[in-house]
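# Reading the structure
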Amino acid sequence: MRKLTSTILTLALGITLLAPNQAHACSDLIVGPKASTDGSIIISYAADSHTLYGELYHWPAATWQPGTLLDVTEWDSGQYSGKIAQVGRTYNVVGNINEHQVAITESTWGGCEQVIGTEGLMDYGSLIYIALQRSKTAREAIDVITGLVDQYGYKSTGESFTIADKNEVWIMEMAGKGVGETGAVWVAIRIPDDCISGHANQARIQQIPFDDKENCLYSPDVVDFAREKGLYEGSDEDFSFQKAYNPYDFGGLRGCEARVWAFFNRFADGMEKYLPLVMGYEMDAEPMPLYIKPNRKLSVADVQNMMRDHYEGTPMDMTQDIGAGPFKVPYRWRPMNFTVDGQEYINERAIATQQTGFVLVAQLRKDLPDYAGGVLWFGTDDANTTVFTPVYCCATEVPWCYSEDNGSLVDFSYTSAFWMQNWVANMAYAKYNHMIEDIRPVQQELEGGYFRAQPLVERYAMELAEVEGEEAAVAFLTRYSSNVANAMTARWKQLAEYLLVKYIDGNVKKEKDGKFVVENGLVVSPNWPGYSEEYYRQIHEGGYEHLKVPKE
């Protein structure tokens, strides 16, 4: 069974491969307030794209004159789409959270041809960032998103959105109406407070509880449109949004639903029964539930570390198959599928992946004032080797290391967090099992320090608000967010320099008391770690006759 379920799987006839060119293939995890250790709602997001620069967006709060128009630019392509009416008041937005602790994230799942939106104005990225500027609650954000789609049309493929505030969290799934129609069909389900959930580029909502008006919202034609397009025949009661608009195929299970399974599997019991489904062996098996109760409560750190997952300890463990090589590298370069002598194969797609632009964990708390309650734990590049720094939802400026004006995908910058994170990560990819042992302590030291400081920082901010007013607290938290992020970037630059010096040319310099060992002005002879015993045995058993040393 272990051989059969290794990362590189021989595909059966007719199986659809993982889509290699999806613009944003993202992972979203969700924790309800009664499922978290501190009563906060926690959501996460990895914006995974080969063309996305890791930066932190910002829209300041503003008032607008009647008749003002807003330019809409498609998030994926940067192309101008058109104009819509601006509202009278917009809220401060930093990244994917606003000043009222509303946070929105997404994952794209495409869907069948009949439900790709082509005629409208609103793409999924614009819906997110405009809704954040206009919403005080999650339900209000749902109304804004669906209202914009109704008025201006939908211009994206199928999407899953996480929409949260300090009191509740929802998953909303939306699909376009195809060529010639501008609207969308959608459904939104509230995640119970004591549960965890997630989505990762695969529609997940099954049957719709139409009578539960408090916890379920939907477009009036969500079922009728599927019937009209020939996607469903049957009763409303039996209708499955996922089966109609984004049917399972091998790629949707192995490359997408499996990431949600990894999250559930780490924090809930009995998930082994879904392995045949998510590995693509039994595509007609029972779907995973939309949400489950975890076997313990989760912290922000738990979610951050889950975003670093490579299926470790599961049959899809990326450190254990042939692609990991002698240094146990849990990364596979694209494309994800390949063919040898007419046989098709795939590589795994885990939550943590090298092409991430930015990653976040949003912490939303109703027991604190909004300016201190909402924290965007933000990082750039690969979640596994990044550092999540706290950026408060009230922040009126973006840290320079995360600024849109600091570097780009083609402009290197030593003060850009994205580039410093990439420097460290790309060195680690070559010698992972050695370098990760140097990266983890620095990462844990920084993040642990932020968590220890958090209650003190927030207490001071609230005391400051009582004495000098909320504006003073906002200014303090803005400075704190920037100082922490910029200091982290400088520390990561030091780490990159250290790794380069230590591991140059395949050697490992000897260290003592935190310094490289030097004797008589010269560096002592370094360690030669070579390769793993497993790697040497593969050569021994692989028939490489030309590498054998003749026996005397």
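Residues numbered from 1 in each chain as written. Predicted model: local features only at pLDDT ≥ 70, side-chain atom pairs only at ≥ 80, totals over all residues. Heavy atoms only, no water.

## Some details on the nonpolar core
- Counting 165 residues, the largest nonpolar core has Met-174, Phe-239, Tyr-245, Phe-358 and Trp-492 as the members making the most contacts within it.
- A per-element tally of this core places helix α11 (residues 470-503) first, with 14 residues. (Core = buried A, V, L, I, M, F, W, Y, C linked by side-chain atoms within 4.5 Å. Buried < 20%, exposed > 50% of the residue type's maximum accessible area, 1.4 Å probe, protein only. Helix = DSSP H or I, 4+ residues; strand = E, 2+ residues; numbered from the N terminus.)

## Quick word on the packing of aromatic side chains
- The tally for this structure, following the rule as stated, stands at 35 aromatic pairs.
- Plain terms: the ring middles of Trp-75 and Tyr-124 are 5.9 Å apart, the flat faces sit at 80° to each other, and that makes the pair edge-to-face. With a gap of 49 residues between them, Trp-75 in the loop between β5 (69-73) and β6 (80-85) and Tyr-124 in helix α1 (residues 124-134) connect regions that are remote in the sequence.
- Of the residues examined, Trp-75 reaches a relative accessible area of 16% and is grouped as buried.
- Seen from their ring centres, Phe-239 and Tyr-245 are 6.1 Å apart, and the 70° between their planes marks the pair as edge-to-face.
- The buried category is assigned to Phe-239, whose relative accessible area is 0%.
- Overall, the relative accessible area of 0% leaves Tyr-245 in the buried class. (Phe/Tyr/Trp six-rings, centres within 6.5 Å; stacked < 30°, edge-to-face > 60°.)

## Quick word on the sheet that holds strand β1 (residues 28-31)
- Judged by pairing direction, the sheet is antiparallel, and its seven strands sit side by side in the order β16-β14-β1-β2-β19-β20-β21 without closing on themselves. Edge positions in the sheet fall to β16 (291-292) and β21 (389-392), since each has one partner strand and no second.
- Judged from the eight bridges that link them, strand β2 (residues 41-48) and strand β19 (residues 356-364) form a sheet pairing that is antiparallel. Its bridge partner being in β19, Ser-44 is matched across the sheet by Val-361. (Pairing = 2+ DSSP bridges.)

## A short note on the state of the cysteines
- Going through the model one piece at a time under the given rule, you end up with zero disulfides.
- No disulfide involves Cys-401; its sulfur sits 17 Å from the nearest other cysteine sulfur, which is in Cys-394. (Disulfide = S-S within 2.5 Å.)

## Here's the deal with helix α9 (residues 417-428)
- Its twelve residues give α9 an end-to-end C-alpha distance of 16 Å, which sits within 8% of 16 Å, the value for a rise of 1.5 Å per residue.
- Among all positions of α9, only Ala-417, Phe-418, Trp-419, Met-420, Gln-421, Asn-422, Val-424, Ala-425, Met-427 and Ala-428 are buried.
- Those residues of α9 hidden inside the fold are in contact with β19, β20 (375-380), α10 (432-468) and α11.
- The distance from a side-chain oxygen at the start of α9 to the backbone nitrogen of Phe-418 is 3.3 Å, and the residue carrying that oxygen is Ser-416. (Expected span 1.5 Å × (residues − 1). Contact = heavy atoms within 4.5 Å. Polar contact = N/O pair within 3.5 Å; in protein donor to acceptor, adjacent residues only side chain to side chain.)

## Some details on the side chain of Ser-44
- Among the secondary structure elements, Ser-44 is positioned in strand β2.
- If near-sequence neighbours (up to four positions away) are discounted, Ser-44 is found in contact with Ser-27, Asp-28, Leu-29, Thr-105, Val-303, Met-307, Leu-360 and Val-361.

## Topic: the pairing of β19
- Burial of β19 is extensive: nine of the nine residues sit out of reach of the surface.
- Pairing analysis gives six bridges linking β19 to β20, with the strands arranged antiparallel. Its bridge partner being in β20, Val-361 is matched across the sheet by Trp-377.

## Digging into the side chain of Ser-135
- Secondary-structure assignment places Ser-135 in the loop between α1 and α2 (138-152).
- The exposure class of Ser-135 is buried, given its relative accessible area of 0%.
- From its side chain, Ser-135 meets the backbone oxygen of Ala-131 in a polar contact 2.7 Å long.
- Contacts of Ser-135, omitting those with residues within four sequence positions, involve Tyr-91, Asn-98, His-100, Val-102, Glu-140, Ala-141 and Val-144.

## A word on the pattern of salt bridges
- By the definition in use, this model includes 26 salt bridges.
- In this structure, Asp-321 engages Arg-332 in a salt bridge whose closest nitrogen and oxygen atoms are separated by 2.9 Å. Within this pair, whereas Asp-321 is found in the loop between α7 (300-306) and β17 (337-340), its partner Arg-332 is found in the loop between α7 and β17, the two being separated by eleven residues in sequence.
- Its relative accessible area of 10% is what places Asp-321 among the buried residues.
- Overall, the relative accessible area of 5% leaves Arg-332 in the buried class. (Salt bridge = Lys/Arg side-chain N within 4 Å of Asp/Glu carboxyl O.)

## Here we look at the environment of Cys-112
- Relative to the elements of secondary structure, Cys-112 occurs in the loop between β10 (103-110) and α1.
- With 132 residues separating them along the chain, Cys-112 and Ala-244 place their C-alpha atoms 8.8 Å apart.
- The residues contacting Cys-112, other than those within four sequence positions of it, are Leu-231, Ala-244 and Tyr-245.

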